[in-house]
Amino acid sequence: MKLTNALFLLPIAFLAAFYFYPLIAILQTSFADARGIAELFESNYYARVLAFTFFQAALSTMLTLVAALPAAFIFARYEIRGARLIRALTTIPFLMPTLVVATAFSALFGPRGSINLALMRAFQLDAPPIQILDTVWIILLAHTFYNFSIVLRVVGGFWANLDPQIENAARVLGASRARAFLHITLPLLAPALIAAALLVFIFDFTSFGVILILGGARLATLEVEIYRQTVNLFNLPVAAILSLVQLVCTFALMTLYTRVQARRARPLHLRPQTITRRKLQTAREKFFVCGYLAAMLIFLLTPLASIAAASFENGLDYYAELFINRRASITFVPPMDAVRNSLLFAGATIVLAVALGLIAAHALTQKNRAAQILDPIFMLPLGTSAVTLGFGYILALGNLRTSIWLVPIAHALVAFPFVVRALLPTLKSIQPHLHQAAQVLGASPARVWREIDLPILARALSIGAIFTFMISLGEFGATALVARPDLPTIPIAIYRLLGQPGLMNFGQALALSTILMLVSAMAMIALERARGDTGGEF
Amino acid sequence: MGILEVREVEKHFDHEPLLQNISLAINAGEIVCLLGSSGSGKTTLLRIIAGLETPEHGAIFFEGRDLRATPVHARQFGLMFQDLALFPHKNVFENIAFGLRMQNLSRVDIRARVNAMLDLVGLAGFTARDVNTLSGGEAQRIALARSLAPRPRLLMFDEPLGALDRILREQLVADLRAILKQIGTLRAALYVTHDQDEAFAIADRVAIIHAGKIAQIGAPAEMYRAPANAFVAQLPGLTNLFPARWREDGKIETVFGVFAADRKIENAVALIRPERVRVGASGIAARVEECVFRAGNYRVRVITDAGDRLIVESKDALAIAERIAIAIDAVELVPA
């Protein structure tokens, strides 16, 4: 066998050991112990958890669509000054770690949150007037905040290229504005709408950090329940069967999404965006558009700004406290160590994910049947929730469970499909003649790789690396299950601090969240730079 | 003994024979053209010589050495691709310097050589240009400079002028031949094209590939004077080919009458050269279909009353639909 073919086995072996083997362990545990299944049907508690998971995801998705569709319309049809900047700002929430979002919402709407404090001060109240923490409302709000930009990008991008003459033709034929939209534009938008809705639904369905922190003790989705059964109750058979249910659901949703994506290629006469846009004309138009955009930016940016503001409420006290290891500290280490841990883990994850992704992408460019079979297999981790993955590791990996490598391995597995997707288009675009020209000019195969492929791939590689960095930095679901207690990452430390009483602990959570937000924001800027004008695709 | 020898090369593609028992020798200092239509296997033969593909049978010898164990990058050949394959992430200088860097030359030597190459192709001062901004002709010259820079022992071209317009192409063909002939280290050049004008303009010898075999190899004039078969005859424009029957008395019978035979060939066709047809007062009755002025003469397509089409030459212009008479002085036999 050739060396390169042997190399292709590496990502396959990695997936086999750290993806398929843990999933098989979940399957085995589910069916080996009948207690799990029996317990599942004993009460209707688990049925309620499943129902709530679907219910909150459906409601969140609908809310996100309603909130973001006007934005999609405005950016598609109007020429707005600073549209690029505004659109870039709207993606910030989506790229923020879940724990930052969760902290932001409790910092804003919690009993000690800035809104309640302001209201109490303004109306001389004794108790916080807004009590939505631990209710479904704050979850819906957080999910809408989080996924807003998906709808805006997917639907807005499609809408912008839709020929406005089609709608005008309907108007001329006698349809009112509303009917033209309902009967013409909406059906044409449907494929993009469905794709966006499905994607948002999948994210809401597998949402973990937001619900764990904002949902309180009573509200649980499948994902949260798996975590609680594993960590709090150590009820592995039930956790296993719940994981199985979660797996089946996410795979079904992912399959549906892939189908919809494939069918989206409808023979439409798409127009360049410069033709489809027009200027704001009437005063009413200006009022509504500007008002909506202002409200949108306030909604998307205040939660994050409020974390930063609140973290400096007592000067630098919260930050100073991060360096101190109190005897009662629940992190066992100074919280600041979590920053170091996160950066080290992220570094290791980048090496792992980029190396494996590069080999895998290379394998996929081969013109053989193996590549066709491997393509969907390499994407499978996308359809698996992080908590399920972490739980699989606990079941399957025995002594390796306490290894410090487990965190970067789990993160690399989550990032791997993204790296492959980032590299594949560029790798495929490299003409075989370039390799052959270099060979004829005297470059050995290794030299061809170093001189031709690597420099051409540099941009895609840095995009993959930054993406991996952001994923690793913010990953919470899998990390919560596999991280060693003495080596917490930033999200883990934030979670522990949020779970403790006292203003100082909450303040430290705010400070750590601010740090995480800052690092993520820097990565985001780097990502924008690396991307250039190529634009983003989910 | 040629400097490059192709010995009994065979290659299949999708179970169909692409190259059948190809043998070819190229002498030192020679420019040889492989001429054939698309799908004739000429590019594959080039790639086999470069080492980019492996034949199922046969071998390539250079200066008497079997190249089977020599990988592409160690052959010291040059190859110019049809799409030129300039490295998009490197500028003009870096593209030309690539092969020199592979030879681990010093920076000073590389710079000197690149500049010399740019002078040679008439693009001095282009060093810092982004290759993505070059015009078709410029890109073509840079690709040539890149192929020539590492002093290849054999230089090969895969339809390098295919993408250019005709005037630019004719200019470059002339330049190319001049450049190739003035390079001292170049031992031979092999040029693949489907364009016979290009082939005849650039080559010392032309090898015509047809249906996986070499139909004929020789100097351009030779192809015209004695085509090996009907296919070869058509390439330089000898299209007056008609069925011929060999008679017991040593004469040839065609639709235009009976002629004396120059030689005896079984299964042959009759070739009527346009210059051997006289337009005059008596002979076979015909009508003018088309009359085009070309290089001092008129090329006239006529149709006889019997319905056979023929290309003839005329000193004077003839009107379309004019009725004339033609007399054929002689025919030649060419293997079918």
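All of these numbers come straight from a predicted model, not from anything done at the bench.

A. Structural detail: the overall build of chain B. From N to C terminus, chain B includes 8 helices and 21 strands. Dimensions of chain B, computed from C-alpha atoms along their principal axes, come out at roughly 75 × 45 × 35 Å. Sequence-distant contacts, at least 24 apart, represent 65% of the contacts inside chain B between residues at least 6 apart. Of the charged side chains in chain B, 40 are positive and 41 negative, and the gap between their average positions amounts to 4 Å.

B. Representation of the pattern of salt bridges within the structure. All names here are of chain B. Following the criterion strictly, the structure yields 21 salt bridges over all chains and no others. As a salt-bridge pair, R7 and E5 come within 3.3 Å of each other at their nearest N and O atoms. Owing to a relative accessible area of 33%, R7 belongs among the partly exposed residues under this scheme. The exposure class assigned to E5 is buried, which follows from its relative accessible area of 13%. One salt bridge connects R205 with E30, and the closest N-O pair in it is separated by 2.5 Å. Here R205 is found in strand β9 (residues 205–210), whereas its partner E30 is found in strand β3 (residues 30–35), with 175 residues between them in sequence.

C. Focus on the interface of chain B and chain A. Facing the 22 residues of chain B at the interface are 17 residues of chain A. Between chain B and chain A, a total of about 1,800 Å² is buried, with carbon and sulfur atoms accounting for 66% of that surface. Sorting the residues of chain B by area buried against chain A places H73(B), H89(B) and M102(B) first, and these three jointly supply 31% of that buried surface. At the surface where chain B touches chain A, the tally comes to 2 salt bridges. The interface formed by chain B and chain A contains 5 residue pairs in polar contact (both at pLDDT 80 or more). When contributions to the side of chain B that touches chain A are tallied by element, the ones reaching two or more residues are β6 (77–80), α2 (92–102) and α4 (136–148) of chain B. Considering each element in turn, the side of chain B that touches chain A owes the most residues, 4 residues, to α2(B). Grouping the amino acids of the side of chain B that touches chain A by side-chain chemistry returns 12 nonpolar, 5 polar and 5 charged.

D. Up close: the packing of aromatic side chains. Residue and element names in this part refer to chain A. All chains considered together, the criterion is met by 29 aromatic pairs over all chains. With centroids separated by 5.8 Å and ring planes inclined at 25°, the aromatic side chains of F105 and F109 adopt a geometry described as stacked. Here F109 and F105 lie together in helix α6 (residues 98–109), a separation of 4 residues that amounts to about one turn. Using a relative accessible area of 15% as the deciding quantity, one classes F109 as buried. With a centroid separation of 6.5 Å and an interplanar angle of 75°, the aromatic rings of Y227 and Y495 are classed as edge-to-face. Of this pair, Y227 sits in helix α12 (residues 222–231) while Y495 is found in helix α24 (residues 490–498), placing the two residues 268 residues apart along the sequence.

E. Broad picture of the sheet that holds strand β21 (residues 332–335) of chain B. All names here are of chain B. In spatial order, the strands read β11-β15-β21; together these 3 strands make up an open sheet with antiparallel pairing. Lying at the two open borders of the sheet, with one neighbouring strand each, are β11 (241–243) and β21. Between one strand axis and the next, the sheet turns through 45° on average, direction left out of account. Sheet topology places strand β15 (residues 268–271) next to β21; 4 bridges connect them, and they run antiparallel.

F. View of the sheet that holds strand β18 (residues 297–304) of chain B. Residue and element names in this part refer to chain B. Within the open sheet, the 5 strands sit side by side as β16-β20-β17-β18-β19. Their pairing is antiparallel. Two strands lie at the open edges of the sheet, namely β16 (277–280) and β19 (309–314), each paired on one side alone. With direction set aside, neighbouring strand axes in the sheet form an average angle of 45°. The sheet contact formed by strand β17 (residues 284–294) and strand β20 (residues 323–328) spans 4 bridges and is antiparallel. Bridged to A285 within β20 is A325.

G. The arrangement of the environment of V292(B) in detail. All names here are of chain B. Within the secondary structure, V292 sits in strand β17. As for V292 and L318, which are separated by 26 residues in sequence, their C-alpha atoms are 9.3 Å apart. Excluding its chain neighbours within four sequence positions, the residues that come into contact with V292 are N297, Y298 and R299.

H. Layout of the packing of helix α17 (residues 336–365) of chain A against helix α22 (residues 445–474) of chain A. Residues and elements named next belong to chain A. The geometry of α17 relative to α22 is characterised by a closest axis approach of 9 Å and an angle of 135° between their N-to-C directions. One element, α17, and the other, α22, form an angle in the oblique class. The hand of the α17/α22 crossing is right-handed. Residues S342, L343, F345, A346, T349, I350, A353, V354, L358 and H362 of α17 form the contact with α22, whose own contacting residues are W449, D453, L457, L461, A465, T468, F469, S472 and L473. Looking at the contact of α17 with α22, its residues break down into 13 nonpolar, 5 polar and 1 charged.

I. Here's a closer look at the pairing of β6(B). Residue and element names in this part refer to chain B. Alternating residues of β6 divide into F77 and L79 and G78 and M80, and every residue in both groups is buried. Judged from the 4 bridges that link them, β6 and strand β7 (residues 154–158) form a sheet pairing that is parallel. Across the sheet, residue G78 finds its bridge partner in β7, namely L155.

J. The confidence of the model for chain B, seen in detail. Residue and element names in this part refer to chain B. Per-residue confidence for chain B gives a mean pLDDT of 85, with 98% of residues at or over 70. The secondary structure element of chain B with the lowest average pLDDT is helix α5 (residues 166–182), at 75, and the one with the highest is α2, at 93. Taken over the whole predicted complex, pTM reads 0.78, whereas the ipTM for its chain interfaces reads 0.75.

K. Representation of the domain arrangement of chain B. All names here are of chain B. Taken as a whole, chain B is organised into domain 1 (4–234) and domain 2 (241–335). Its C-alpha centre places domain 1 at a distance of 39 Å from the equivalent point of domain 2. Taken residue by residue, the interface counts 9 residues in domain 1 and 8 residues in domain 2. Both sides together, the interface formed by domain 1 and domain 2 hides about 540 Å², and carbon and sulfur atoms give 57% of it. When the area that domain 1 buries against domain 2 is broken down by residue, the three leading residues are Y224, P227 and A230, summing to 58%.

L. The arrangement of the packing of helix α3 (residues 45–77) of chain A against helix α15 (residues 283–311) of chain A in detail. Residues and elements named next belong to chain A. For the pair α3 and α15, interaxial distance at closest approach is 11 Å and the crossing angle is 125°. Classified by the interaxial angle, the pair formed by α3 and α15 is oblique. In terms of crossing hand, the pair formed by α3 and α15 is left-handed. Along its contact with α3, which presents A67, A68, P70, A71, I74 and F75, the element α15 presents V289, Y292, L293 and M296. Among the residues making up the contact of α3 with α15, the classes are represented as 10 nonpolar, no polar and no charged.

What counts and how
- Residues numbered from 1 in each chain as written.
- Chains lettered and ligands numbered in written order.
- Predicted model: local features only at pLDDT ≥ 70, side-chain atom pairs only at ≥ 80, totals over all residues.
- Heavy atoms only, no water.
- Helix = DSSP H or I, 4+ residues; strand = E, 2+ residues; numbered from the N terminus.
- Contact = heavy atoms within 4.5 Å.
- Lys, Arg positive; Asp, Glu negative; His and termini not counted.
- Charge placed at Lys NZ, Arg CZ, Asp CG, Glu CD.
- Salt bridge = Lys/Arg side-chain N within 4 Å of Asp/Glu carboxyl O.
- Buried < 20%, exposed > 50% of the residue type's maximum accessible area, 1.4 Å probe, protein only.
- Buried area = accessible area lost by both parts, 1.4 Å probe.
- Polar contact = N/O pair within 3.5 Å; in protein donor to acceptor, adjacent residues only side chain to side chain.
- Nonpolar A, V, L, I, M, F, W, Y, C, P; charged D, E, K, R; others polar.
- Phe/Tyr/Trp six-rings, centres within 6.5 Å; stacked < 30°, edge-to-face > 60°.
- Pairing = 2+ DSSP bridges.
- Axes fitted to C-alpha atoms, helices over the stretch in contact; angles between N-to-C directions.
- Parallel < 35°, antiparallel > 145°, perpendicular 65-115°, else oblique.
- Left-handed = near helix turned anticlockwise from the far one by under 90°.
- pLDDT = per-residue confidence, 0-100.
- Domains from an automatic or database assignment.

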